[in-house]
2 protein chains.
Amino acid sequence: MPIGLQSELLRDRRNVELLSLLRDDPRMGTAELARRVGMSAPAVRERVMRLEEAGIIVGYRLELNPAALGYPVCAYVRVRPAPGQLPKVAELARRLPQVVECHRVTGDDCFVLKIHLPALDRLDEVLDQFLAHGQTTTSIVQSTPVPLRGLPLPD
Amino acid sequence: MPIGLQSELLRDRRNVELLSLLRDDPRMGTAELARRVGMSAPAVRERVMRLEEAGIIVGYRLELNPAALGYPVCAYVRVRPAPGQLPKVAELARRLPQVVECHRVTGDDCFVLKIHLPALDRLDEVLDQFLAHGQTTTSIVQSTPVPLRGLPLPD
DNA sequence: TATGAAACACACTGAGT
DNA sequence: ACTCAGTGTGTTTCATA
C-alpha cells in the first residue's frame, strides 16, 4: 500500500484538488468538497476513500499546543550510542513520552530525537537516561521560522 | 490566547477525554463524541469550541505520504550561518518548499531544518543554496523508530 | 466511475432548567 | 453550563447509467 509518485491517483487533477481542499480543512465534509470540485457527494466519498486506502492520505491529526499540555520547551537531541547500545537507544526513545519523534540517521550521530519538556531544568532527566547508552548533543529550540508544513502537491 | 498548563479547561476530566477521543480520530463528529462522554451534543460542541479558542487545540492536519507526493527521501540539515547571514538563512528556508520545518536553536549550529527530497542526488540543489550563507551538516533519515506522536494528556 | 433519490443521522439553534 | 426538541443539512446506500 505504500506508493510512489507513479500513483495513478495523483495524475487525476480532481484528486489533487480534493487533497488541497482537505489540507486546508481536514474536517471538511463530503458535501462541501463535492460542491467545490463540482461532483456528487458519493463520487467524492469514493475518491477520498481510495486516497486513504492507497496510503496517499496517511491519516488525520489533532494538533495540540504542547505548552498548554505543560511542555513549553522543545529541543532536538542527537544521540551517538556506545558500541552495541544502538537498539537500547531506540527502545528508550520509544519508551519516553517526552520523545515525540526519533529518527535513525546517517552521520556521526545515529539518532535525532525531538523532545518536549515542562522546563529547561528537566532536560537532565531525559539526557541522563540516554547518556547511559552513549553521547548526546542538545539543541534547544528558540523559535520556529518555519512551523511544520506540507509538501507541494502535484501540478 | 496562548495558554499555560494552568488552563482551567484541562483540569476538567471531560475536556481531557474529548481531547483523547479527538486525538484518536480527529474527524469524529459531535454526536459520536457526545455519546462516548455521556453528554448532549450541544454541550460537547461548546467544549470543543472552547478548547479551540483557548489555543489548546491548535488545529487539524491532513497527513500525506511524502513518498506518494514524490519526496521519498527525508533529511535533517543543520545550518551555521556566516556572520550577518542569519536572517538570509531563515528567509531561504521559508522560501524552499522542500523545507517542511525550520527551527532556530542553541548550539554551534543556529538552525535545524527538516527537508524532503525526490532523490538523494537532489540534495545538492538544496545544500548549495544554504552554503551561500554558511556551513551545513546533513543527516539523512534511514528509518524512524518513533514516528511523530502526541504528548501525554493530563492525568 | 459517476449520478440521483431516499433513509437515516447529524449539526445547529433557541427555549427552558 | 447543560438538556431537550425542531429544522435544515449532510451522509450513506443502492439502483442505475
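Residues numbered from 1 in each chain as written. Chains lettered and ligands numbered in written order. Predicted model: local features only at pLDDT ≥ 70, side-chain atom pairs only at ≥ 80, totals over all residues. Heavy atoms only, no water.

Naming follows an unreviewed UniProt entry, where chain A appears as Lrp/AsnC family transcriptional regulator of Acidiphilium iwatense.

Participant: If you had to explain the sheet that holds strand 4 (residues 111-117) of chain B to someone new, which residues and values would you point to?
Facilitator: Read around the barrel, eight strands follow the order 2(A)-4(A)-3(A)-5(B)-2(B)-4(B)-3(B)-5(A) and close on themselves; strand pairing throughout is antiparallel. For this sheet, the mean angle separating the axes of adjacent strands, direction not counted, is 35 degrees. Two elements, strand 3 (residues 99-105) of chain A and strand 4 (residues 111-117) of chain A, share five bridges in a ladder whose sense is antiparallel. Along strand 4 of chain A, the bridge assignment pairs Cys102 of chain A with Leu113 of chain A. The strands that helix 5 (residues 123-131) of chain B touches are strand 2 (73-81), strand 3 (99-105), strand 4 and strand 5 (134-146) of chain B; relative to strand 5 of chain B, the one it contacts most, it runs at about 140 degrees. (Pairing = 2+ DSSP bridges. Helix = DSSP H or I, 4+ residues; strand = E, 2+ residues; numbered from the N terminus. Axes fitted to C-alpha atoms, helices over the stretch in contact; angles between N-to-C directions. Contact = heavy atoms within 4.5 Å.)

Participant: Requested: an account of the pairing of strand 4 of chain B, with residues and values cited.
Facilitator: All names here are of chain B. Here strand 4 lies mainly inside the structure; seven of its seven residues are buried. Of the two faces of strand 4, the one lined by Phe111, Leu113, Ile115 and Leu117 and the one lined by Val112, Lys114 and His116 are each fully buried. The pairing of strand 2 with strand 4 spans seven bridges and is classified as antiparallel. Bridging across to strand 4, Val77 finds its partner in Leu113. (Buried < 20%, exposed > 50% of the residue type's maximum accessible area, 1.4 Å probe, protein only.)

Participant: Please provide a residue-by-residue account of the UniProt feature "domain: HTH asnC-type" (unreviewed entry) in chain A, values included.
Facilitator: Taken from the UniProt record, the annotation "domain: HTH asnC-type" (unreviewed entry) applies to residues 17-72 of chain A. Between the first and last C-alpha atoms of residues 17-72 of chain A the distance is 36 Å; the span itself is 52% helix and 14% strand. (UniProt positions renumbered as here; feature names shortened; annotations may be inferred.)

Participant: Residue-level account of the pattern of salt bridges, with values.
Facilitator: A side chain of one charge can pair with a side chain of the opposite charge if their charged atoms are brought near each other. Considering all chains together, one arrives at 20 salt bridges over all chains under this definition. Note that Arg27 of chain B and Glu52 of chain A form a salt bridge whose closest N and O atoms lie 3.3 Å from each other. On the criterion of chain membership, the pair formed by Arg27 of chain B in the loop between helix 1 (13-24) and helix 2 (30-37) and Glu52 of chain A in helix 3 (residues 41-53) is interchain, its members lying in two chains. Since its relative accessible area comes to 38%, Arg27 of chain B is described here as partly exposed. Residues joined in a network through salt bridges with shared partners are Glu32, Arg35 and Arg36 of chain A. (Salt bridge = Lys/Arg side-chain N within 4 Å of Asp/Glu carboxyl O.)

Participant: Go over the packing of aromatic side chains with me, naming the residues and quoting the values.
Facilitator: In this structure the tally under the stated criterion is one aromatic pair over all chains. Here the basic side chain of Arg27 of chain A rests over the ring of Tyr60 of chain B, its NZ or CZ set 3.8 Å away from the ring centre. Taking the ring centre of Phe111 of chain A as reference, the NZ or CZ of Arg104 of chain A above it sits at 5.8 Å. (Phe/Tyr/Trp six-rings, centres within 6.5 Å; stacked < 30°, edge-to-face > 60°. Lys NZ or Arg CZ within 6 Å of the ring centre and 35° of its normal.)

Participant: Can you break down the protein's contact with DNA strand D residue by residue, with the values?
Facilitator: The full set close to DNA strand D counts 13 residues, and Thr30, Ala31 and Arg35 of chain A together with Ser40 and Arg47 of chain B are the nearest of them. A distance of 3.4 Å separates a phosphate oxygen of DNA strand D from a polar side-chain atom of Arg45 of chain A. Between Arg47 of chain B and DNA strand D, the recorded distance is 2.6 Å, taken from a side-chain N or O atom to a phosphate oxygen. Within the residue set of the surface near DNA strand D, elements represented by two or more residues are helix 2 (30-37) and helix 3 of chain A together with helix 3 (41-53) of chain B. Counting residues per element, the surface near DNA strand D draws most heavily on helix 3 of chain B, which supplies four residues. In the surface near DNA strand D, the residues fall into six nonpolar, three polar and four charged. (Near = heavy atom within 4 Å. Polar contact = N/O pair within 3.5 Å; in protein donor to acceptor, adjacent residues only side chain to side chain. Nonpolar A, V, L, I, M, F, W, Y, C, P; charged D, E, K, R; others polar.)

Participant: Give a description of the relation of the copies chain A and chain B that names residues and reports values.
Facilitator: You can overlay chain A on chain B at an RMSD of 0.1 Å; the transform is a turn of 180 degrees with a shift of 0.0 Å along its axis. Taken together, the rotation and translation relating the two chain copies correspond to the operation of a two-fold axis. Of every C-alpha in chain A, the one belonging to Arg61 of chain A sits nearest the axis of rotation, 2.5 Å from it. (Least-squares fit on C-alpha atoms with pLDDT ≥ 70 in both.)

Participant: Could you give an account of the packing of helix 2 of chain B against helix 3 of chain B, naming the residues involved and the relevant values?
Facilitator: Residues and elements named next belong to chain B. Their axes nearest at 8 Å, the elements helix 2 and helix 3 cross at an angle of 105 degrees. The angle between the axes of helix 2 and helix 3 places the two elements in the roughly perpendicular class. Of the residues in helix 3, those in contact with Thr30, Leu33, Ala34 and Val37 of helix 2 are Ala41, Val44, Arg45 and Val48. (Parallel < 35°, antiparallel > 145°, perpendicular 65-115°, else oblique.)

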